[in-house]
Amino acid sequence: MKLMPNYYHDRVCLNVLANSIDNAKAIYEAAQTHVVVGILSKNYKDIQSAIDDMKQYAKAIDNAISIGLGAGDPNQSTMVSQLSAALQPQHVNQVFTGVATSRALLGQQQTVINGLVSPTGQVGLVNIATGPLSCHSPAAIVPVETAIALLKDMGGSSIKYFPMGGLKHQDEFEYVAKCCAEHNFYLEPTGGIDLNNYEAIMKIALNAGVKKIIPHIYSAIIDKTTGATRTDDVKQLLAMTQKLVG
């Protein structure tokens, strides 16, 4: 079972949602396997039903699944860790305080685990109070470099920078990208990314020299009628990625 995402040219792997196994298969094909397909833990009533269903997804797309919280919901943190232990996915989404638990329960270093940190409106500083209790407390604002070191301490692989609001926090994002490159850490831009701003966001991360990037493109490419991710849009994202990476 493959535990690491299949990055395009060892650099970029898309992260998009699927609403069915058929949609996941179509996405996987459209992205030429350079994708992890998000499945949200929040959509399941209990652990066992989530495990049973997610196993079917994993089987259909060579384990290229990304276990999600569900709109960054910190209350899903424990469930995500439990699912990760049982499923051994390629990618795990976590709030900042859930990273160490997920890594310990996974019992291996290959699966990518991100840690959610949020923009603050100040270049060089991020909010790491994204856990189930800490998100209701005053913000814990720390230097980006410290956030990266803390995530590394906990066994994290990448910063999930959310909510970005597309290019709303461009200056802050540029600094985060620079730090990830300098400290050999992966980066996952998330929130408000669409077909119009994808290239600009990716250029920032690529030009900074970030080793591996996993951009999350969610609602902007979901068909509002069916709830499925549009495979033509996935093909377009891959084409833009290929052009940018070369």
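Below, the structure is looked at part by part. (Residues numbered from 1 in each chain as written. Predicted model: local features only at pLDDT ≥ 70, side-chain atom pairs only at ≥ 80, totals over all residues. Heavy atoms only, no water.)

### Concerning the pattern of salt bridges
In total, this model carries six salt bridges according to the counting rule given. Between D46 and K45 there is a salt bridge; the shortest N-O distance is 4.0 Å. On the accessibility criterion, D46 (32% relative accessible area) is partly exposed. For K45, a relative accessible area of 75% puts it in the exposed group. As a salt-bridge pair, R230 and D233 come within 2.7 Å of each other at their nearest N and O atoms. (Salt bridge = Lys/Arg side-chain N within 4 Å of Asp/Glu carboxyl O. Buried < 20%, exposed > 50% of the residue type's maximum accessible area, 1.4 Å probe, protein only.)

### Remarks on the environment of A181
Following the sequence through the fold, A181 ends up in helix α6 (residues 170-182). With a relative accessible area of 24%, A181 lands in the partly exposed category. Taking the C-alpha atoms as reference points, A181 and G70, separated by 111 residues in sequence, lie 28 Å from one another. The residues touching A181, leaving out its near neighbours within four places in the chain, are A208, G209 and V210. (Helix = DSSP H or I, 4+ residues; strand = E, 2+ residues; numbered from the N terminus. Contact = heavy atoms within 4.5 Å.)

### Quick notes on the nonpolar core
In terms of nonpolar packing, the biggest core is built from 65 residues, with V126, I159, Y161, L187 and Y198 touching the most fellow members. With six residues, the single largest contributor to this core is helix α7 (residues 198-208). Residue contacts for I159: discarding those within four places in its chain leaves G115, V117, V144, I148, L151, V176, C180, F185, Y186, L187 and E188. Residues Y7, V36, Y186 and I214 belong to the second largest nonpolar core, which totals six residues. (Core = buried A, V, L, I, M, F, W, Y, C linked by side-chain atoms within 4.5 Å.)

### Side note on unusual backbone geometry
The omega torsion across F162 and P163 is 0°, close enough to zero to call that bond cis. Mapped onto the fold, P163 is located in the loop between β8 (158-161) and α6. Phi is positive for H9, which is not a glycine, with a value near 50°. Mapping H9 onto the fold places it in the segment before β1 (14-17). Despite not being glycine, N184 has its phi angle at roughly 55°, a positive value. Overall, the relative accessible area of 48% leaves N184 in the partly exposed class.

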